[in-house]
Each structure stands twice: as C-alpha cells, then as structure tokens.
Amino acid sequence: MRGVPGDLTTATRPPTTIPLRHFLVALAFLVGGGALALLRVAGVSGAAFGRIAAAHLLLIGWVCLTILGAMTQFVPVWSGVELHSDRLATLQLAAVAVGVTGFAGGLWLGRPADAALFAGLIFAGFVVFAYNLARTLWRARPLDVTEVHFAFALGFLALAALLGGSLAADYRWGVLASLGLSRIAVVDAHVTLAVLGVVLTTVFGALFQLGPMFTQTDALPVEERLARVETALYPIGVALLAAGRLAAIASLATIGGLLVAVGAAIAGGILLRRLRDATAPATPMLSRYAVVAVATLAWSATAAATWAVDPLGPAVRFGNPAVGPVLLGALVGFVVAGSLYHVVPFIVWLDRYADRVGLERVPAIDDLYDARAATVDLIATVLGAGILLAVAASPAVASLGVAPSLPEELVRTLGGALVVGGALLFAGNMVATVLRHGGAAMLGGAASESGSPSETLER
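What this report covers is the structure whose coordinates are included nearby. (Residues numbered from 1 in each chain as written. Predicted model: local features only at pLDDT ≥ 70, side-chain atom pairs only at ≥ 80, totals over all residues. Heavy atoms only, no water.)

### Let's talk about the overall build of the protein
Phase 1 of the analysis: Across its full length, the protein holds 15 helices and zero strands.
Phase 2 of the analysis: Long-range contacts, defined as pairs at least 24 residues apart, comprise 82% of the intrachain contacts of the protein with a sequence gap of at least 6.
Phase 3 of the analysis: A total of about 18400 Å² of accessible surface is found on the protein, and carbon and sulfur atoms cover 69% of it. (Helix = DSSP H or I, 4+ residues; strand = E, 2+ residues; numbered from the N terminus. Contact = heavy atoms within 4.5 Å. Areas by Shrake-Rupley, 256 points an atom, 1.4 Å probe, with all protein chains shown as cover.)

### Notes on a nonpolar patch on the surface
Phase 1 of the analysis: On the surface, a cluster of nonpolar side chains totalling about 490 Å² of accessible area is made up of Val-98, Leu-117, Phe-118, Leu-121 and Trp-173.
Phase 2 of the analysis: No other element matches helix α4 (residues 112–138), which puts three residues into the nonpolar patch.
Phase 3 of the analysis: Among the secondary structure elements, Leu-121 is positioned in helix α4. (Patch = residues over 30% accessible without salt bridge, like charges linked within 9 Å, V, L, I, M, F, W, Y side chains within 5 Å. Salt bridge = Lys/Arg side-chain N within 4 Å of Asp/Glu carboxyl O.)

### Some remarks on the pattern of salt bridges
Phase 1 of the analysis: Under the criterion given, the structure shown has 11 salt bridges.
Phase 2 of the analysis: Where Arg-317 meets Asp-188, a salt bridge forms, and the shortest distance between an N and an O atom there is 2.4 Å. Taken together, the residues span a long stretch of sequence, with Arg-317 in the loop between α10 (284–307) and α11 (324–352) and Asp-188 in helix α7 (residues 183–215) at a distance of 129 residues. Pair check on accessibility: Arg-317 and Asp-188 agree, each one buried.
Phase 3 of the analysis: What you see here is one network of salt bridges that share partners, running through Glu-223, Arg-273, Arg-274, Arg-276 and Asp-277. (Buried < 20%, exposed > 50% of the residue type's maximum accessible area, 1.4 Å probe, protein only.)

### A few points about the environment of Ala-28
Phase 1 of the analysis: Among the secondary structure elements, Ala-28 is positioned in helix α1 (residues 17–41).
Phase 2 of the analysis: Between the alpha carbons of Ala-28 and Ala-427 there is a distance of 8.0 Å; along the sequence they are 399 residues apart.

### Observations concerning the packing of aromatic side chains
Phase 1 of the analysis: Taken as a whole and assessed by the stated rule, the structure comprises seven aromatic pairs.
Phase 2 of the analysis: When the centroid spacing of 5.9 Å and the interplanar angle of 40° are considered together, the rings of Phe-74 and Phe-346 count as tilted. Of this pair, Phe-74 sits in helix α2 (residues 50–79) while Phe-346 sits in helix α11, placing them 272 residues apart in sequence. Exposure class is identical for Phe-74 and Phe-346. Each is buried.
Phase 3 of the analysis: Ring plane angle 85° and centroid distance 5.9 Å describe the contact between Trp-299 and Trp-307, whose orientation is recorded as edge-to-face.
Phase 4 of the analysis: Residue Trp-299 is classed as buried on the basis of its relative accessible area, which comes to 0%.
Phase 5 of the analysis: On the accessibility criterion, Trp-307 (0% relative accessible area) is buried. (Phe/Tyr/Trp six-rings, centres within 6.5 Å; stacked < 30°, edge-to-face > 60°.)

### A few points about the packing of α7 against α11
Phase 1 of the analysis: Direction vectors running N to C along α7 and α11 enclose 45°, while the axes themselves pass 11 Å from each other. Here α7 is positioned oblique relative to α11, judged by the angle of their axes. Crossing angle aside, the handedness with which α7 passes α11 is left-handed. Contacts between α7 and α11 involve Val-195, Leu-196, Val-199, Leu-200, Val-203, Leu-207, Leu-210 and Phe-214 from the first element and Leu-328, Leu-331, Val-332, Val-335, Ser-339 and His-342 from the second.
Phase 2 of the analysis: When its residues are assigned to classes, the contact of α7 with α11 shows 12 nonpolar, two polar and no charged. (Axes fitted to C-alpha atoms, helices over the stretch in contact; angles between N-to-C directions. Parallel < 35°, antiparallel > 145°, perpendicular 65-115°, else oblique. Left-handed = near helix turned anticlockwise from the far one by under 90°. Nonpolar A, V, L, I, M, F, W, Y, C, P; charged D, E, K, R; others polar.)

### Looking at unusual backbone geometry
Phase 1 of the analysis: Phi is positive for Gln-216, close to 55°, though the residue is something other than glycine.
Phase 2 of the analysis: Mapped onto the fold, Gln-216 is located in the loop between α7 and α8 (221–247).
Phase 3 of the analysis: Judged by its relative accessible area of 23%, Gln-216 falls in the partly exposed class.
Phase 4 of the analysis: Although it is not a glycine, Ala-248 adopts a positive phi angle of roughly 55°.
Phase 5 of the analysis: Counting through the fold element by element, Ala-248 comes out in the loop between α8 and α9 (250–276).

### Quick notes on the side chain of Thr-296
Phase 1 of the analysis: Summarising the element assignment, Thr-296 is placed in helix α10.
Phase 2 of the analysis: Excluding anything up to four places from it in sequence, Thr-296 contacts Phe-204, Ala-264, Gly-268 and Leu-331.

Written as structure tokens, this is what we have:
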C-alpha cells in the first residue's frame, strides 16, 4: 500500500481493549458535553460555570481522552517500540474519566470549590500519561516529524495541566492572587497550551502520518521541507503565544500567534493537497479530513488577521472572536470523528477478524460501521457548523445591508441541534460497531495478536 511506512508494525501495540475503552468513555463524554452545550444554546445554562463545564466535558472528556487512547495505541505501532506500561495506560483512563466527571459536575452545580478537588485526579491522569508516553518515545529515538510533534504535545500537556491545577486550586484556596498572577491571564495561557498546544500539535503530527497513509499519495519534496518548517515554527509559536498571554506582553503574543497561524496553514495546505490528489477510495475518514483541511486554512487566516492587531484577552483566545471558535471546533471535531471512523473499526477488525484471513471470508474495515449513518451524521454536522458559522458572521453580513430573515437565536439553536444530533449519531455508530462485531466481551478479553501490518492497514 503506497504511503505506508515499510517499518510500521503492530507487534508492539498494547492490548486493543486499552485504547478501545478510552474511545468509548470519550464518546460518552461527547454525548454529555454535547447535551450540555445544546442546553446552553437553548437558554438552559445551569449555573454560572455551565459553559466551562460543557467545555471540559468536550475538550478533556472527549477530545483529550480520544487522544490519550489513540497515542497509547499508535505510538508503539509508529515507533516500533513497546509501550512502557499497559497498567499505567489503564490508570490514566480511570483518573481522567473520574476527574472530569466530578469537575464538570461540580461546575455545573455551581460548586467550583468542590470541583477543584477532582482537578487533582485530572492532573494525576495526565501526569501518568505523559510519563508513560515519554518513556515510550525515549526508546524510539531518533524521532520523526510525527514523534517530534507528540513530544512537544507532551510538554504542552504538562504545562497546561499545571496551570489548570492552579486555576482549580484558586477556586478553593485563592492561590493566584498570592502569586501575583491575574486569573484571566492564567486562563488565557492555560487554554492556549491545552487547545493550541496539546490538541492541535497532536493533530498536525498525526496528520503528517495519516495523510499519506490513507490518501495513498507520496510527499512532494517541497512538502517535506515545509513539514520541517512547521515542526519548528508551530511549537515555538504556541510557547510564545502562551507566555505573552500569561505575562500580558502583546508584542510577544503577536509574534507567537503569527507563527501558530503560519504553522497551521502549512499543515492544512499539505493535507488539502494530499486529499486533492488522493488515489484511495472515499471513506468517512477522508471526507471529514477534507472539512479539517478547509477549516484549518480558514482558521489560520482569520486568526492571523486578529492576533496581528490584538492577541490578548478572552475574546481572541481562539482567533477571530466571531468565527474562530466555530472554525477551530470544526477542525478538532472533524479530525477526531474522522480518525475514529477508521481507528475503532480497525481495532475491532484486528481483534475479531485478523486471524481468520485466508481461512474464510472476512469483512473489510470499512464494512464494519453503518455507512448510511456515517453519511447522515456528516451532513448534519457540516450543515450545523455552517449555520453556526453564518450566525457568527451575521454582524458582518448585516453591515453589508443584508438583514437575516429569521431570529438569530432560533437559527443558532437549529445549528447547534444539528451538530449535537450528528455527534450523537456518530457516537451511536461507533458503539454499535463494537457491540455488533466485537461484543461486550471485547472490552475485557485479551486482544488477538495476529494479522500482519500490511493486511491490517490495507483493509
């Protein structure tokens, strides 16, 4: 299969039950976070901290747990080394899952001081994950582009967790004032490190590996050079942007923000070119990656224009205050959903069908999920995101003399409902795939170790 590294191996992967549990728990948080977000859109926001509760369910519960599971599974595969500890990988899931549940629940109920106690579990889970993956990557040296991104992401994770723990402790003990730190500045730096540092660095690193693998395209020489440029610029940009926001130094944050935007544009442009020239058949994964490529380019352009003027303050944490959050949400959400449309069926296939190859007819990976449901959830989420983007851009449209014909709140609720509905359908499709082909026993039994790398990847 063209685009697959010749030394890629599944022999070093951990038991498939470990990442699969991460993914299924993360899907539960997607459902819970999506429900809370929809309630907020509908005007039922809970306590004053309801928005933060929903954000943590989605960002830490869904996105970060998915990343933890994916990196635990595929870093050993990509790097050709054994995971340092399967037990630590199991422990990280329990700590983060319980911590996020308690933290978000405390915030939603308006009890941030009690929620702060659960932040310690989140911090502990991330520390365990970072230690486990760092020990694994240490044996994989020298690191390739993807592995370098993952190493930077682990560093950003440690810093983001430290700042997040400080913010949680501040709810209960008021520690920031005694340190002479502004809570808003710490939140800005924490969000920057968490979203732009941990999540996007991981995403871009993975796409440099997954893009050629699943589009079946070869890298152009200029793209290899650009990838090395992005590997240097993007992490430096995140560090400068976070430091500038923490210290309230606008010039430093501006430089960092522009480097972040340039790095993101490079990653999005390379992905878009690969999708344009793809020789592989269309799949739910590639269709969602197309949304990711467009969203990345649009987000980087609007973020650069915004941060060049003002990179500080809550309104511009994610770039343009109007469209930045929607574009960044599409970037992250569609890359996670697209990847899971291959990863979850891949794990099920590997566990249940790999050892039957050559002995009987076995389904392909893309035969395991419901393709019609995948199409419907894509249409719903893209349409919903488009509506939310249009609502966000409506002030600019109104300035051109075009007045909206429907109440803005109604349109925003419709867009949110479509996104949440599509997310629920996606989650149901993934859970049904596991139950239909793997059964509940798959979550407790040892994984099959058979199946060659070429067989598992080409299917």
